[in-house]
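If you want the building blocks of each chain, they are given just below.
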Amino acid sequence: MIAFVSGEVAAAGPDGAVIDVHGVGLAVQCTPATLAGLRVGDRARVPTSLVVREDSLTLFGFADDDERTVFELLQTASGVGPRLALAMLAVHTPNALRRAVAAEDLTALTKVPGIGKKGAQRIVLELKDRLGGPVGDGADDRAPARAEPWREQVQMGLVNLGWSAKDADAAVDAVAADLDGAEAPPVATLLKSALKKLSK
């Protein structure tokens with residue numbers, strides 16, 4: 001297994017990055033939050049999980065080892081593949097997922113695109129004993145209290161894609177105005193909305 005990749009960030013897009021490891025560009029699929037921490041030209045160390053299929057080898061990258069561990073645990077539930085596991089981590093932090101499963105919070109789980117009520121029930125049933133409770137001080141889940149964490153993630157994503165910080169800020173403000181206080185959708189969705197505004 002490839003436990004991590006370390007090198008210069010050669011490229012970053014809405015759903016992945018390319019890390020230059022000694023002259024070899026490794027494509028890594030990441031959550032928007034992980035991508036937000038990667039800047040083209042900077043060196044990065046990204047914990048990874050390699051998913052092997054008959055017709056493909058896909059490398060998934062994470063913000064830290066805990067996120068990777070949760071990604072791998074999520075896939076032990078029937079019906080949860082790597083794409084859905086990544087979507088779950090795009091919507092919720094690892095500790096938020098642990099809390100949702102421990103509390104049998106189906107509403108939180110069904111916020112993830114691709115998970116219905118039955119799927120959420122199955123995930124709770126199969127993962128309750130495996131995921132455990134929140135780790136650390138739980139403070140990494142500043143989600144509701146944090147001042148709109150998506151703003152910084154989308155702004156950094158746009159800058160990574162080559163837009164100026166000024167244009168990125170303007171696009172983020174425009175997207176925030178459209179939301180008008182409503183609950184924010186996943187960061188990937190917000191990033192697409194911001195890109196549409198910039199391309200007008």
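Treat the numbers as computed from the prediction; the structure is a model and nothing was measured. (Residues numbered from 1 in each chain as written. Predicted model: local features only at pLDDT ≥ 70, side-chain atom pairs only at ≥ 80, totals over all residues. Heavy atoms only, no water.)

Novice: Can you walk me through the pattern of salt bridges in this structure?
Specialist: Side chains carrying opposite charge are able to pair once their charged atoms draw close together. Inspection of every chain in the model, using the stated rule, returns four salt bridges. We note a salt bridge from Asp-66 to Arg-98, for which the minimum N-O separation is 2.6 Å. Of the two residues, Asp-66 is situated in helix α2 (residues 65-74) and Arg-98 in helix α4 (residues 94-102); the sequence distance between them amounts to 32 residues. For Arg-98, a relative accessible area of 5% gives the class buried. Residue Asp-178 pairs with Lys-197 through a salt bridge whose shortest N-O separation is 2.7 Å. (Salt bridge = Lys/Arg side-chain N within 4 Å of Asp/Glu carboxyl O. Helix = DSSP H or I, 4+ residues; strand = E, 2+ residues; numbered from the N terminus. Buried < 20%, exposed > 50% of the residue type's maximum accessible area, 1.4 Å probe, protein only.)

Novice: Would you mind going over empty space enclosed by the protein with me for this structure?
Specialist: Any empty space left between the atoms is revealed when a probe the size of a water molecule rolls over them. Enumeration according to the criterion identifies one cavity of 30 Å³ or more in this entry. Of the voids in this model, the largest cavity is the one considered here, and its volume is about 70 Å³. Surrounding the largest cavity, Ala-12, Gly-13, Pro-14, Pro-32, Leu-35, Ala-36, Gln-153, Val-154, Gly-157, Asn-160, Val-187 and Leu-191 form its lining. Elements that contribute at least two residues to the lining of the largest cavity include exactly α1 (32-36), α7 (149-160) and α9 (187-199). Per-element tally for the lining of the largest cavity: the top contributor is α7, with four residues. Here the lining of the largest cavity is composed, by residue class, of eight nonpolar, four polar and no charged. (1 Å grid on protein atoms, 1.4 Å probe; cavity = no way out; pocket = protein on both sides within 12 Å on 5 of 7 lines; lining within 4 Å. Points joined across faces, edges and corners; volume = space filled by probe spheres on them. Nonpolar A, V, L, I, M, F, W, Y, C, P; charged D, E, K, R; others polar.)

Novice: What exactly am I supposed to notice about the side chain of Ser-49 here?
Specialist: Mapped onto the elements of the fold, Ser-49 is located in strand β4 (residues 43-53). With relative accessibility at 4%, the residue Ser-49 sits in the buried group. Once residues within four sequence positions are removed from consideration, Ser-49 is found in contact with Met-1, Ile-2, Thr-58, Leu-59, Phe-60, Phe-62, Arg-68, Phe-71 and Glu-72. (Contact = heavy atoms within 4.5 Å.)

Novice: I would appreciate a short explanation of the packing of aromatic side chains in the present structure.
Specialist: A ring pair, where both rings are aromatic, is described by two values, the distance of the centres and the angle of the planes. If you walk through the whole model with that rule in mind, you get two aromatic pairs. Between the aromatic rings of Phe-60 and Phe-71, the centroid separation amounts to 5.1 Å while the plane-to-plane angle is 40°, which identifies the pairing as tilted. Of this pair, Phe-60 sits in strand β5 (residues 56-61) while Phe-71 is found in helix α2, placing the two residues 11 residues apart along the sequence. Each member of the pair, Phe-60 as well as Phe-71, is classed as buried. Taken together, Phe-60, Phe-62 and Phe-71 form an aromatic cluster joined through their ring pairs. Directly above the ring of Phe-4 sits Arg-45, whose terminal nitrogen or CZ lies 3.9 Å from the centroid. (Phe/Tyr/Trp six-rings, centres within 6.5 Å; stacked < 30°, edge-to-face > 60°. Lys NZ or Arg CZ within 6 Å of the ring centre and 35° of its normal.)

Novice: What am I meant to see in the sheet that holds strand β3 (residues 24-30) here?
Specialist: Two modes of strand pairing occur in sheets, parallel and antiparallel, and in both the strands are linked by backbone hydrogen bonds. Spatially, β1-β2-β3-β5-β4 is the arrangement adopted by the five strands of the closed barrel, whose pairing is mixed. Across the sheet, the axes of successive neighbouring strands diverge by a mean angle of 55°, strand direction being ignored. By the bridge criterion, three bridges tie β3 to β5 in an arrangement that is parallel. Looking at β5, one finds that Gln-29 is bridged to Phe-60. (Pairing = 2+ DSSP bridges. Axes fitted to C-alpha atoms, helices over the stretch in contact; angles between N-to-C directions.)

Purely geometric stuff here, so don't read any function into it on its own.
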